[in-house]
Amino acid sequence: MEVVMAAATDGSFRIAVTETADLSAIRSIHEAAFGQSAEADLVEALVANGHAAISLAAIVEDRLIGHILLSRLVEPAGALALAPLAVSPECQRRGVGSALVRAAIGAARAGRHDAIFVLGSPDFYGRFGFSPEAARAFRCAYAGAHFMVLAPSGAPPAPGPVVYPPPFADLG
């Protein structure tokens, strides 16, 4: 695995780009974190259908403890969807999720992606610059108070529709 960054308040984990061989461990993380298989199924569908753009894992020794996926949106071109983000329950509240978000934003910036859209907690994602106010300029099936956008390299794309890849519709 290519190490993206070393991270943690106590220096106990690193973040690396995932590989196909990690899919089973990634599934386990999402199932444990969410208590269901829907998010794990989403990851597998996005990867299998070529929508995954950035997939990072937090790792302690050789064990995956967290995962984040950014996938290519259908519209706008050059934009990504952040979903899902999961941390093994025994490793939550240790900065793992925050480190994964920061690393994913950095990877999106390096890849010159125009925007990252997320549906989540404004309190959590707002700390990284995601804005529900900026997202109001976009039309999306998931629009609302928890729909946010971040422009990792500057200004977001022109307002318009945000269309997620088909596997998101199966999540509900």
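This is a predicted model, so every value here is computed, not measured.

Calculation rules
Every chain is numbered independently, its residues counted from 1 as its sequence is written. This being a predicted model, a pLDDT of at least 70 is required before a residue's local features are given, and a value of 80 or more before pairs of side-chain atoms are given or counted; all residues contribute to the totals for chains, interfaces and linings. Think of the side-chain values as coming from all heavy atoms in the structure, minus any hydrogens and water. Burial classification: accessible surface area is computed with a 1.4 Å probe over protein chains only, and a residue below 20% of its type maximum counts as buried, one above 50% as exposed, and the rest as partly exposed. Segments assigned H or I by DSSP are reported as helices when at least four residues long, segments assigned E as strands when at least two residues long, and all are numbered from the N terminus. To be clear, the arc concerns the directions from the helix axis to the C-beta atoms. Any pair of residues with heavy atoms lying within 4.5 Å of one another is described as a contacting pair. Throughout this description, the term nonpolar core refers to a set of buried Ala, Val, Leu, Ile, Met, Phe, Trp, Tyr and Cys residues connected via side-chain atoms within 4.5 Å.

Participant: Describe helix H2 (residues 38-48), with residues and values.
Facilitator: Taken together, the buried positions of H2 are Glu39, Ala40, Leu42, Val43 and Leu46. All buried residues of H2 project into a common sector of 155° when viewed along the axis, lining one side. Residues of H2 that are buried sit in contact with helix H1 (23-34), strand E3 (52-60), strand E4 (63-72), strand E5 (79-87) and helix H6 (167-171). Within two residues after H2, glycine 50 carries a phi angle of roughly 75°, on the positive side.

Participant: Provide a residue-level description of the nonpolar core, including the pertinent values.
Facilitator: In this structure, Ile68, Leu70, Leu82 and Phe130 are the most contacted members of the largest nonpolar core, which totals 28 residues. Residue assignment for this core shows that the elements contributing at least two residues are strand E2 (13-17), E3, E4, E5, helix H3 (96-110), strand E6 (115-119) and strand E8 (147-150). The leading source of residues in this core is H3, at eight residues. Not counting the four nearest positions on each side in its chain, leucine 82 is found in contact with Ile68, Leu69, Leu70, Ile116, Phe117, Val118, Tyr125 and Phe130. Residues Ala16, Ala86, Ala115 and Phe117 belong to the second largest nonpolar core, which totals 25 residues.

Participant: Pulling in residues and values, what's your account of unusual backbone geometry?
Facilitator: Each neighbour pair has its own omega, and for glutamate 75 with proline 76 the value is -5°, a cis peptide bond. Mapped onto the fold, proline 76 is located in the loop between E4 and E5. With an omega of -10°, the peptide bond running from alanine 83 to proline 84 counts as cis. Here proline 84 shows up in strand E5. One non-glycine residue with positive phi stands out, namely arginine 112, at about 60°. Structurally, the position occupied by arginine 112 is in the loop between H3 and E6.

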